[in-house]
Amino acid sequence: MKFAVEGCCHGELDKIYETIEYIEKRDDIKIDLLICCGDFQAVRNRSDLRCMAVPPKFQKLNTFYKYYSGEKKAPILTLFIGGNHEASNYLGELPYGGWVAPNIYYMGYAGVVRFGGLRIAGITGIFKGHDYLKGHFEKPPYGEDTKRSVYHVRNLEVFRLKQLTEDIDICISHDWPRGIYNHGNTAQLLRNKPFFREEVETNKLGSWPAQELMDKLQPTYWFSAHLHVKFAAVVQYENEESDQGQKTTKFLALDKCLPRRKFLQVIDFKETENTRLELEYDKEWLAVLQNTNHLLNTTRVTQYMPGPGCGGRHNFTPSEAELRRVDQALGGNYAVPKNFQQTVPPHSIANPDAQKSVAPVCMVNPQTVVLCQKLGLDDPHSLLMGQSMTSPIYYPFPMESPNADESNVTAGEPSDDTYASFNPDEITVDLEDDSSSSSGSPKLSHHSAPGGDMPQQIGLHDEQDTSGILSTELSDGEENASDSCCKPLAASSELRQGSNGDSRMREVEKDSDTNTSEVCLLAGSSTHTSVEILDHEHLEEKGTPVIPAASPKRDSEYVKVEGRQVKKFRRRNAAIYQAQSEDSS
């Protein structure tokens, strides 16, 4: 069985599916599953755009609405988690997962499913410290603060995933596990993204809850996106052995779907006999949901998860009796029902502005109702609506909110105040100008080191496959993938950064079940790209220092962020915010 992994989708489903179709025809293979690692942007109409935390220039419908409306159908089963650029009102309807369109399945705030012998876990969102202990209190229509807090990871989902004991084949997160850069080619990462240097050196880059989950679950593969760069690593666990020897996790982060970017990877998985290529619920995960349903919090109040000494149960790993309870609830049928149903009208080409002025409303999805009734779970949206609304909880096609004038989101165009919510813990490197060329500087968070102008185009020899797991890698061109040609690049060695800071060479052991060739499609190219085999002599990164660019001239101004005085520096295309106290102004 072959499955494809994609980085940040950003609503470019047509391009992604076209690229997969090209690979299948070129290599005469069949790809059975597509996994997307966040920023999926399941935007159904223009009203959904008002729930995305992005500047106006990035608020685009793209192509998902065609799959939602039925104009197109996904040619391959697609699984995805949410990132930090999502139509959060739609994903909030499916907290435990569900179909957002035929053949396109969202994994919920956190989830575990099975497909073709693979056990796949995922967690939606990115980490931000001051929201981590809160409940899921956000509901549409969102304000400028809740539009951002809604996609922040909560401790409940992390706690639930930690209860799992059965082996995980694949785990998906949007942001990277903290410290993963210490297990791969750190020097190359910093050459591609030099403004990561300060956070890498202080071990602050990435998510510590994701790091804890990796250490606890120890999956075979871990895939991420968010930072818009390809990076591979291998994590070896001390004193942990499996039937195949020392236990390892093969990590891969991918870029977003743009020309000349490394955004897609195809991987072989050795399936067992009589494997069903059908999406199924995971019994242990459903039992965990049942066991922890009482921990669901829909308020802003801080809530800690149970632990030793709490005076009650703190280990919610299911017992045999609790697993049998799930069997009875589902009647032994774990196939995910194909019960997709539209809950709002899709975008219409004939009347493109029909939903533009419609205020988003809090809704409950029929799929969530069915699952919650079977398992006895609470739905966050239902609880939130029960606290403040007496109208029916399900609206097939909602009209404009009667209280739109009183809501915290005004009708009309979304606000362009990108920094209305100041996030000290959040990495905001993914607001690059996609409409420009592949060179440019992203906007940085306040604690990222300035790097000047950084080239974003990655050469064919710039990065090695350090995991030994990668099969086929493609960068989308501006034209159809079939208009470009390429030759494979075989990686035979790797440079790995040791825990003590030294760089050392070691041979990559090629797995007989894995094709380790990788290719790169060049946009607009109609000739073969000459690529040579990489060996030790071609690893130029060994010992190469990264020289930071000189700081450019800067001007500053003061702006208000959440009532605080903030000094805003402008560095070419990058913006670094330095908080100042009211007294210092």
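Residues numbered from 1 in each chain as written. Predicted model: local features only at pLDDT ≥ 70, side-chain atom pairs only at ≥ 80, totals over all residues. Heavy atoms only, no water.

### Quick notes on the nonpolar core
Here's step 1: By size, the foremost hydrophobic cluster in this structure holds 84 residues, and its most contacted members are Phe 3 and Ile 120.
Here's step 2: In contact with Ile 120, not counting residues within four places along its chain, are Leu 33, Ile 35, Leu 79, Met 107, Gly 111, Val 112, Val 113, Ile 170 and Ile 172.
Here's step 3: Ranked by size, the runner-up nonpolar core spans 32 residues in total, among them Ala 4, Tyr 68, Tyr 90 and Ile 104. (Core = buried A, V, L, I, M, F, W, Y, C linked by side-chain atoms within 4.5 Å. Buried < 20%, exposed > 50% of the residue type's maximum accessible area, 1.4 Å probe, protein only. Contact = heavy atoms within 4.5 Å.)

### A look at the packing of helix H6 (residues 155–162) against helix H9 (residues 208–217)
Here's step 1: Where H6 meets H9, the closest approach of the two axes is 10 Å, and the angle between their N-to-C directions is 10°. Regarding the angle of H6 to H9, the classification is roughly parallel. Contact with H6, carried on its side by Val 158, Leu 161 and Lys 162, involves Pro 209, Glu 212, Leu 213, Lys 216 and Leu 217 of H9 and no other residues of that element. (Axes fitted to C-alpha atoms, helices over the stretch in contact; angles between N-to-C directions. Helix = DSSP H or I, 4+ residues; strand = E, 2+ residues; numbered from the N terminus. Parallel < 35°, antiparallel > 145°, perpendicular 65-115°, else oblique.)

### Points about the packing of aromatic side chains
Here the distance between the centres and the angle between the planes together describe a pair of aromatic rings.
Here's step 1: Counted under the stated rule, the structure contains 19 aromatic pairs.
Here's step 2: For the pair Phe 40 and Phe 80, a centre-to-centre distance of 3.8 Å together with 10° between the ring planes defines the contact as stacked. One end of the pair, Phe 40, is in the loop between strand E2 (33–36) and helix H2 (46–49); the other, Phe 80, is in strand E3 (residues 77–80), with 40 residues separating them in the sequence. The exposure classification of Phe 40 matches that of Phe 80, with both residues buried.
Here's step 3: Measuring from ring centre to ring centre gives 5.8 Å for Tyr 68 and Phe 340, while their planes differ by 80°; the resulting arrangement is edge-to-face. Of the two residues, Tyr 68 is situated in helix H3 (residues 64–69) and Phe 340 in the loop between helix H11 (320–330) and helix H12 (366–375); the sequence distance between them amounts to 272 residues. (Phe/Tyr/Trp six-rings, centres within 6.5 Å; stacked < 30°, edge-to-face > 60°.)

### Some details on helix H1 (residues 13–27)
Here's step 1: Compared with the 21 Å implied by 1.5 Å per residue over 15 residues, the 21 Å span of H1 between its first and last C-alpha is a close match.
Here's step 2: All buried positions along H1 are accounted for by Leu 13, Asp 14, Ile 16, Tyr 17, Thr 19, Ile 20, Tyr 22 and Ile 23.
Here's step 3: Positive backbone phi, approximately 55°, marks Asp 28, located one or two places after H1. (Expected span 1.5 Å × (residues − 1).)

### A few points about the pattern of salt bridges
Here's step 1: Here the structure, examined in full by the defined rule, presents 24 salt bridges.
Here's step 2: Ionic pairing is found between Glu 212 and Lys 162, a salt bridge with its closest N-O pair at 2.7 Å. Of this pair, Glu 212 sits in helix H9 while Lys 162 sits in helix H6; the two residues are 50 residues apart in sequence, bridging distant segments of the chain.
Here's step 3: Across the pair Lys 283 and Asp 327 runs a salt bridge, and its minimum N-O distance is 3.0 Å. Note that Lys 283 is positioned in helix H10 (residues 283–291) and Asp 327 in helix H11, a separation of 44 residues in sequence.
Here's step 4: Three or more residues joined by partner-sharing salt bridges are found here, namely Arg 114, Arg 119, Glu 166, Asp 282 and Glu 284. (Salt bridge = Lys/Arg side-chain N within 4 Å of Asp/Glu carboxyl O.)

### Concerning the environment of Val 5
Here's step 1: Turning to its location among the elements, Val 5 is positioned in strand E1 (residues 2–6).
Here's step 2: With a relative accessible area of 1%, Val 5 lands in the buried category.
Here's step 3: If sequence neighbours within four positions are ignored, Val 5 has contacts with Ile 35, Cys 37, Phe 223, Leu 254, Phe 263, Leu 264, Gln 265 and Ile 267.

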